[in-house]
Amino acid sequence: MEVVRNIMNTSLVTVDSFSSLERAGGLMNQQLVGSVLVVDEGELVGIVTSRDIRNHHHNRLVCDVMTREVKSIPASADIIEAIEVMQALGVERLPVIDDGKLVGIITMKDLLRHYGILNDPLTGLPWGTLLRVMAARLLDQGKEIVILFADLDDFGKVNKQYGHVWGDKALVGVARLIKQLSEKNIDLACRYAGDEFIILSERDLSGAEKLAQDIISGIKSIELEFQISLSIGISGGRRRSVREETPTSVVVDDLINLASRASTRAKHKPKKYLIATKSEK
């Protein structure tokens, strides 16, 4: 098991609670960060952000405006746990604590780089590699998962007729919609490839079906010079026991394939989504 200690950054940008906001802001500008940790005698006591500084006079002290409740993670924690915590909290970095002392910081960028994963620069969504890692972990924990595979309809015609600039705008709009409709504690939305998106969810099948319906309906509200649509395939949500005989990575690939194939067939369905069945494997 790989742990946070192995990839955390030990070069910390910190201030003490009796520093001025002017000093804290100077450090943020120098290091190009939006916040700094507040540490007194080696103990993490809070965090101060650029917003805190903008809203208060620069001569005030950090302790007057800092947030005192800061979520941290142990240095011995599994790095996948760190990803899960960041996603649940909607944050990009976590302080790392060892024996009660601040010893480093871990960022989502560090974790994604460790796995060779980078976010898609166009949509801001992570690529599907992260989904495979997270899905396998959930299965290893004995949890049920659902995969939703969304494929834009006839997207090649959009690029040919309106150009790639408008095609990119459509992809950004779809990504924004999917992210808005996803719940950060149970859903992970990713860009899969080209005009395809994929969502890992801990919803039950009915919940996944509702999410698919909301995406299909919501796509009509994306403001473009043309109308786009997509089709969604859904797989998973039926397992009731641990598949000890099959590696979880294989199970994840099977679910993705099932959902992908179902999305193709859904293009010919009036409701534009389809739940895959085991017999289609």
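Treat the numbers as computed from the prediction; the structure is a model and nothing was measured.

**Some remarks on the sheet that holds strand S5 (residues 93-98)**
Pairing within the open sheet is mixed, and its three strands lie in the order S4-S5-S6. Edge positions in the sheet fall to strand S4 (73-74) and strand S6 (101-107), since each of these pairs with one other strand and no more. Pairing geometry for S5 and S6, over six bridges, is antiparallel. If you follow Pro 95 over to S6, its bridge partner there is Ile 105. Helix H4 (residues 79-89) rests against S4, S5 and S6 of the sheet, and its axis sits at about 130° to S5.

**Structural notes on the environment of Leu 122**
Of note, Leu 122 is situated in the loop between helix H5 (108-114) and helix H6 (128-140). Residue class for Leu 122 comes out partly exposed when judged on its relative accessible area of 31%.

**Points about the sheet that holds strand S1 (residues 14-15)**
Strand order across the open sheet formed by three strands is S1-S2-S3, with mixed pairing between neighbours. Each edge of the open sheet carries a strand with a single partner, namely S1 and strand S3 (43-49). Relative to strand S2 (residues 35-40), S1 runs parallel, the two sharing two bridges. Looking across to S2, one finds that Val 15 is bridged to Val 38.

**So, the nonpolar core**
By size, the foremost hydrophobic cluster in this structure holds 37 residues, and its most contacted members are Val 4, Ile 73, Ile 106, Leu 111, Leu 131, Ile 147 and Leu 200. Among the secondary structure elements, those contributing two or more residues to this core are H4, S5, H5, H6, strand S7 (146-152), strand S8 (187-193), strand S9 (196-201) and helix H10 (248-266). Tallying contributions element by element places H6 first for this core, with seven residues. Excluding residues within four positions of it along the chain, Ile 73 makes contact with Val 4, Glu 81, Ala 82, Leu 94, Pro 95, Val 96, Ile 97 and Ile 106. Judged by nonpolar contacts, the second largest core, of 31 residues, contains Leu 152, Ala 189, Leu 205 and Ile 219.

Parameters at a glance
Residues numbered from 1 in each chain as written. Predicted model: local features only at pLDDT ≥ 70, side-chain atom pairs only at ≥ 80, totals over all residues. Heavy atoms only, no water. Pairing = 2+ DSSP bridges. Helix = DSSP H or I, 4+ residues; strand = E, 2+ residues; numbered from the N terminus. Contact = heavy atoms within 4.5 Å. Axes fitted to C-alpha atoms, helices over the stretch in contact; angles between N-to-C directions. Buried < 20%, exposed > 50% of the residue type's maximum accessible area, 1.4 Å probe, protein only. Core = buried A, V, L, I, M, F, W, Y, C linked by side-chain atoms within 4.5 Å.

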